[in-house]
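Observations on chain architecture
These are the residues of each chain, in order.
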Amino acid sequence: MRIPRGAAAVTAFYRHKPECRNKDDTQDMPRTFGHVQCRYYAAVNISFPSGIRPDRKEFFMSKNRKSIIIAVILVILLIGAFAAWRLLSPSASEGSKTLTVNICHLEGDNNSFTVKTDAEYLRGALEPEGIISGTESSYGLWITTVDGETADDSAQQWWGYTVNGETAMYGADEQVIADGDVIEFALNVGY
Amino acid sequence: MSDTDSKTNRTAGKITVRETAELAVITALIIAGKEALNALPNIHPVMLILMLCVKKYGSRAFFPAAAFSLVELLLYGLSIWTAPYLYIWIIAVAAALTFRKNSSVIFWSCFAGIYGLCFGLLSSLPMLVTAGIRGAFSYWIAGIGFDIIHCISNFAIVLVLYRPLWSIMCRIKDR
């Protein structure tokens, strides 16, 4: 069949896709001629010359410079973010450590433990000792029970902890520990 | 259709009953999409639907963004972790509005990817108040892993679903 070109391709396109004729969709109409043909082929569902699929052809023929610029920005930001994440995250150290673990219960009866461990992360230090337990989530261990007291979800209770007096930014799976760290658990009420 | 046309939208007239209903359904879709995929960290079609809404409804996309944020805050309560929802989707819609004329799938995929990557940075702003600059910085660094997931998933979701959803949206809006 004869392949329509130029304005004839646009007309043919609209004939087969009348719903694209309105103004909003003309934005969607590709600017370059090649696109129009691709759309036309797709619209009338005939096979493409030389076996090129419409989407691929559209991608490669696109001269949309903004897309290229934003793609480059995305890649740069992604690499930068990955580097920042790798380089600036605290790194774990091996060897034996001694931690002080203070626990503030809801009723005010506090408890304190001294834990000796070779673990690199907080979870590895406290879970085997039975000090913390909880449920697995896609973010790691969700601590529900500390020193025997379980947070009541329905009362908006939750266990939070500080490391050397600063609010922890990591879960127990990712919290790096160092010798002499003071970990303080507190049962909080209200989100 | 003419009063939501890209050219006349800036001086948008009264919002019609029909549009209100459409925007409400879109809001419901966003919430359903977000909650259904809750088990997967940072993988959801929120950005995609909001972007399509921006392209189709222009500045009226602020309504679903605000309604979605409000429902999420009602669901999860206002806390230091949810406070970013007070502004983050409004910023997303405002940013998308500036590129409204663009209709390249690659462009919008990258846009959603970049926004996903910046999500943690924007989310750490409330931490400036409660934990100071150091706290906010470490909060951001701690979350970059999840930002990268957010970036890649946003990119992939938009790349795959942009065209099919756009044609559905055209069919609904222009009927």
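In this report, we go over the structure that sits alongside the text. (Residues numbered from 1 in each chain as written. Chains lettered and ligands numbered in written order. Predicted model: local features only at pLDDT ≥ 70, side-chain atom pairs only at ≥ 80, totals over all residues. Heavy atoms only, no water.)

A closer look at the overall build of chain B
Condition: By the criteria applied, helices consist of DSSP H or I runs no shorter than four residues and strands consist of E runs no shorter than two, each listed in order from the N terminus. Relative accessibility thresholds used throughout: buried, under 20% of the residue-type maximum; exposed, over 50%; partly exposed, between the two (1.4 Å probe, protein chains only). In what follows, a contact means two residues having at least one pair of non-hydrogen atoms within 4.5 Å.
Assigned secondary structure in chain B consists of 6 helices and 0 strands. Mapped from its N terminus to its C terminus, chain B presents α and β elements in the order α-α-α-α-α-α. Split into buried and exposed, the 175 residues of chain B put 51% on the buried side. A separation threshold of at least 6 residues defines the contact pool for chain B, and within that pool the share at least 24 residues apart is 74%.

Focus on the pairing of strand β6 (residues 157–163) of chain A
Residues and elements named next belong to chain A. As a reminder, the rule being used: When DSSP finds two or more bridges between two strands, those strands count as paired.
The buried fraction of β6 amounts to 6 of the 7 residues, a majority that puts the element mostly inside the structure. In this structure, β6 lies alongside strand β7 (residues 166–167), joined through 2 bridges in antiparallel fashion. Bridge assignment links T162 to a residue of β7, and that residue is T167. Where β6 folds back on β7, the antiparallel hairpin that results is connected by 2 residues, among which N164 adopts a positive phi of roughly 50°.

Section: the sheet that holds strand β8 (residues 182–189) of chain A
The strands that make up a sheet are held in pairs by hydrogen bonds between backbone atoms, and each pair lies either parallel or antiparallel. All names here are of chain A. A sheet is described by the order of its strands in space; here 5 strands give the open sequence β2-β1-β8-β6-β7, paired in mixed fashion. Every other strand in the sheet has two partners, leaving β2 (110–117) and β7 as the edge strands with one partner each. Examined bridge by bridge, strand β1 (residues 97–104) and β2 share 8 bridges and lie antiparallel to one another. The partner of L99 across the bridge, within β2, is V115.

Re the pattern of salt bridges
Rule in force here: One side-chain nitrogen of Lys or Arg within 4 Å of one carboxyl oxygen of Asp or Glu is enough to make a salt bridge.
Within this structure, the stated rule accounts for 7 salt bridges over all chains. We note a salt bridge from E127 of chain A to R123 of chain A, for which the minimum N-O separation is 2.9 Å. By relative accessible area, which is 31% here, E127 of chain A ends up partly exposed. Residue class for R123 of chain A comes out buried when judged on its relative accessible area of 15%. In this structure, the salt-bridge partner of E72 of chain B is K34 of chain B, at a minimum N-O distance of 3.2 Å. With a gap of 38 residues between them, E72 of chain B in helix α3 (residues 62–76) and K34 of chain B in helix α1 (residues 17–36) connect regions that are remote in the sequence. Residue classification places E72 of chain B among the buried residues on the basis of a relative accessible area of 3%. Residue K34 of chain B is classed as buried on the basis of its relative accessible area of 10%.

Some remarks on the side chain of Q157 of chain A
Stated formally: In protein, a polar contact means a hydrogen-donor-capable atom and an acceptor-capable atom, both N or O and within 3.5 Å, with residues adjacent in sequence counting only if both atoms are side-chain atoms; elsewhere, any N or O pair within 3.5 Å suffices.
You can see Q157 of chain A is positioned in strand β6. Within the structure, the side chain of Q157 of chain A is placed 2.9 Å from the backbone nitrogen of D152 of chain A, a separation counted as a polar contact.

What about the nonpolar core?
Applicable threshold: To qualify as a nonpolar core, a set must consist of buried Ala, Val, Leu, Ile, Met, Phe, Trp, Tyr and Cys residues joined through side-chain atoms within 4.5 Å.
In terms of nonpolar packing, the biggest core is built from 54 residues, with M47, M51, W89, W108 and Y162 of chain B touching the most fellow members. For this core, the secondary-structure elements that each account for two or more residues are α5 (65–88) of chain A together with α1, α2 (46–57), α3, α4 (88–98), α5 (105–123) and α6 (125–173) of chain B. Other than its neighbours up to four places away in sequence, Y162 of chain B contacts L48, M51, L52, K55, S103, V105, W108 and I157 of chain B. Of all hydrophobic cores here, the second largest spans 23 residues; its members include A119, I131, W159 and A172 of chain A.

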